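# Coordinate analysis (summary)
Take a look at the letters that make up each chain.
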Amino acid sequence: MLLLFSCTKEGDTIYLPDPNEEKASTAPLVTVIYDANALGDRSYNDLIYEGVERTALELGLRTMQHSPRSHDEGLQYLEMMFSQMESARDSVRRLFIVAGTSYDEFIRSNNKRLESNPYADLLYLETRVPLEGKGSTLFMPYYGAMYEAGRIEAETEYPYVMLVGANRQTEAVVEALQGFQDGFEAGMRLLSEKQKKYTKLGITWLDETGQGGFSIADSTALRLMWQWKAEKYDEIVPVCGGAFNTFARLNNLVSFALVGIDYFYDSYHSVYSVVKHIRRTMDTCIRQWLSGKGIPKHQSLGLASGYTEVIINRPIIIRIPKGYQGTTVPTLTEEMKQAIHEEAVRKEEEHEGR
C-alpha cells in the first residue's frame, strides 16, 4: 500500500502516476481555422484539409481542423486560441493556419499577441499584404493561370463563354475573372472582324453585393443555366468555390462544356481545368515551418512556380487558320500552348508588379 500512495504532513493523499497510462503527445500540432461552413465545398477548402492531413500523416504530426458554423463562432475560436497561446508555458510547437480572409481585421489586430510564445506560429492564407509583427502570409495569384485559360479559349472555334464569379468582394475571385477576361480579349485582338462575330464572353456574379456566392440552390443554378443556354452560351467557367459542384451535377440536364476550377475536373464535359495545387502548397508550408529557416515572412506561389496551372483534358479544336490546307480538324499544338503559357507568365508578373 505504501508503494501506491503516500501522505503529506497535512494529510493530503498524493497518488503516484500510473506507468501504463498513455502520456499526452508532444508532437507538433497544426490547426486550421476556416471561414464559416467552408469545409465540404469539394474545392479550395477541402483541398487545404486534404493537404494538411496527408503531410501530417507522413511526418507524424497532430492536426485540428475547425470549420465554424458562423463568422462569430470563428472569431470566438480565434480569441480562445490567441489567449491560450500568449499564456502557454509548454514547449509544444504549434502552427495555426487561418484559411479565411473574413478574419483579416482580427488577425492583423491580434497577431502580435503570439510574440510572447516562441513555439507558436501563424500562417495567414490568400493575402498580398504581409503581417506587421509575428506571422507569415501566402498568396496564390490566379491571374496568370486564368489569363492562360482565357487566351486558349479565344483560340477555340466559336467560343460563347459565360464567366461566373462568386462575388465582387473576394479579391482572389475578382482577379481570376479579370485574368480570364484579359486573356480572352488579347486573343480576340488577333481575330478578323468576321471571326469576332462568332465570339462572345459574358460575366455573371452570383452575389452582387455581399461576400457569398460560394454555394447556390439547385433551382437557382438550373434557372441560370437554362437562361445562358437560351442566350447561346455553350461553355461555363465557374469561379465560385463549392457552387461549381452544383453546376457540374446539374450539367447532365443542360449539357454545357465546363471548365474545372481549383482542381482537375475529369469529365467528358470538361476540355481543360485551371488548377491551384493547394495540397502541395500546404505540404510546402508545413515542411518550411519544421525546417530551421521557418516559413518565409511572405511568399507568392503562382503560374511561374507551377503552383497554379492549366491542365488540358483532351485535344482542343481551334479556329481554322487562314490558308489552312490540312485535311484534319486543327487542334491546339504544344508549340501554341507553350507560347500562350509564356505570355501568361509575363502577364502575371506584370500584374503582380502593379
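What you are looking at is a predicted structure, and each value in this text was computed from that prediction instead of being measured.

The secondary structure content of the protein chain amounts to 10 helices and 15 strands. On the principal axes, the C-alpha backbone points of the protein chain span a range of 100 × 45 × 35 Å. Counted over contacts in the protein chain with a minimum sequence separation of 6, partners at least 24 positions apart contribute 70%. Seen as two clouds, the 38 positive and the 49 negative side-chain charges of the protein chain have centres 4 Å apart.

An ideal rise of 1.5 Å per residue puts 28 Å on 20 residues; helix α10 (residues 334-353) measures up with 28 Å between its terminal C-alpha atoms. Among all positions in α10, only Lys337, Ile340, Glu343, Ala344, Val345, Glu348 and His351 are buried. Buried positions along α10 lie against α4 (143-155), α5 (171-188) and β15 (308-312).

Size it by volume and the largest pocket reaches roughly 1100 Å³. Lining the largest pocket are 43 residues; nearest its centre among them are Asp35, Thr101, Thr170, Gln211 and Phe214. Going through the elements one at a time, α1 (44-59), α3 (104-110), β6 (120-125), α5 and β12 (260-262) are the ones with two or more residues in the lining of the largest pocket. Of the residues contributing to the lining of the largest pocket, the split by class is 17 nonpolar, 17 polar and 9 charged.

Our next topic: the nonpolar core. In terms of nonpolar packing, the biggest core is built from 47 residues, with Ile48, Ile97, Leu125 and Trp228 touching the most fellow members. Among the secondary structure elements, those contributing two or more residues to this core are β3 (29-33), α1, β5 (94-98), β6, β8 (160-167), α7 (218-230), α8 (243-254) and α9 (278-290). For this core, the element with the highest residue contribution is α8, accounting for 6 residues. Not counting chain neighbours up to four residues away, the residues in contact with tryptophan 228 comprise Met162, Val164, Thr204, Tyr233, Ile236, Phe247 and Phe256. Core analysis: the next-biggest nonpolar cluster, separate from the first, contains 34 residues, Tyr142, Val274, Val310 and Ala344 among them.

Another point: the sheet that holds strand β13 (residues 272-276). Reading across the sheet, the 3 strands line up as β12-β13-β15 and stay open at both edges, with mixed pairing between neighbours. Strands with a single pairing partner mark the edges of an open sheet, and in this sheet they are β12 and β15. Across this sheet, the average inter-strand angle for adjacent strands is 15°, counted without regard to direction. On top of the sheet, α4 reaches β12, β13 and β15; it is set at about 30° to β15, its chief contact.

Before going further, it helps to examine the confidence of the model for the protein chain. Per-residue pLDDT for the protein chain averages 90, and the proportion of residues at 70 or more is 92%. Taken as a whole, residues 1-6 scores under 50 in pLDDT and shows 9 contacts with residues more than four places along the chain or in a different chain.

A sheet is described by the order of its strands in space; here 6 strands give the open sequence β4-β3-β5-β6-β7-β14, paired in parallel fashion. The sheet terminates laterally at β4 (62-66) and β14 (298-300), the two strands that pair on one side only. For this sheet the average axis-to-axis angle between neighbouring strands, irrespective of direction, equals 15°. Sheet topology places β3 next to β4; 5 bridges connect them, and they run parallel. If you follow isoleucine 33 over to β4, its bridge partner there is histidine 66. Against the sheet, α1 contacts β3, β4, β5 and β6, and its axis sits at roughly 165° relative to β4. Running at roughly 145° to β5, α9 makes contact with β3, β5, β6, β7 (136-139) and β14 of the sheet.

Next up on the list: the pairing of strand β10 (residues 235-239). For a regular strand, side chains alternate in direction, first toward one face of the sheet and then toward the other. For β10, a buried count of 5 out of 5 residues is recorded, marking the element as mostly surrounded by other parts of the structure. The alternating pattern of β10 places Glu235, Val237 and Val239 on one face and Ile236 and Pro238 on the opposite face, and all of these are buried. Two strands pair when backbone bridges link them, and β8 and β10 are joined in this way by 5 bridges, in the parallel orientation. Opposite methionine 162, over in β10, you have isoleucine 236 as the bridge partner.

What follows is about the environment of arginine 94. Along the chain, arginine 94 turns up in strand β5. Take arginine 94: its relative accessible area is 14%, and that puts it in the buried class. Separated by 63 residues in sequence, arginine 94 and threonine 31 place their C-alpha atoms 7.6 Å apart. In this structure arginine 94 touches Leu29, Met85, Tyr119, Ala120, Asp121 and Trp289, once residues within four positions along its chain are discounted. Separated by 3.0 Å, the side chains of arginine 94 and aspartate 90 make a polar contact.

The next point concerns the environment of phenylalanine 184. Counting through the fold element by element, phenylalanine 184 comes out in helix α5. Taking the C-alpha atoms as reference points, phenylalanine 184 and lysine 200, 16 residues apart in sequence, are found 9.7 Å from one another. Once you skip the residues sitting within four places of it in the chain, phenylalanine 184 turns out to touch Gly150, Arg151, Glu153, Ala154, Pro159, Val161, Thr199, Lys200 and Leu201.

Cut-offs and rules
Residues numbered from 1 in each chain as written. Predicted model: local features only at pLDDT ≥ 70, side-chain atom pairs only at ≥ 80, totals over all residues. Heavy atoms only, no water. Helix = DSSP H or I, 4+ residues; strand = E, 2+ residues; numbered from the N terminus. Contact = heavy atoms within 4.5 Å. Lys, Arg positive; Asp, Glu negative; His and termini not counted. Charge placed at Lys NZ, Arg CZ, Asp CG, Glu CD. Expected span 1.5 Å × (residues − 1). Buried < 20%, exposed > 50% of the residue type's maximum accessible area, 1.4 Å probe, protein only. 1 Å grid on protein atoms, 1.4 Å probe; cavity = no way out; pocket = protein on both sides within 12 Å on 5 of 7 lines; lining within 4 Å. Points joined across faces, edges and corners; volume = space filled by probe spheres on them. Nonpolar A, V, L, I, M, F, W, Y, C, P; charged D, E, K, R; others polar. Core = buried A, V, L, I, M, F, W, Y, C linked by side-chain atoms within 4.5 Å. Pairing = 2+ DSSP bridges. Axes fitted to C-alpha atoms, helices over the stretch in contact; angles between N-to-C directions. pLDDT = per-residue confidence, 0-100. Polar contact = N/O pair within 3.5 Å; in protein donor to acceptor, adjacent residues only side chain to side chain.

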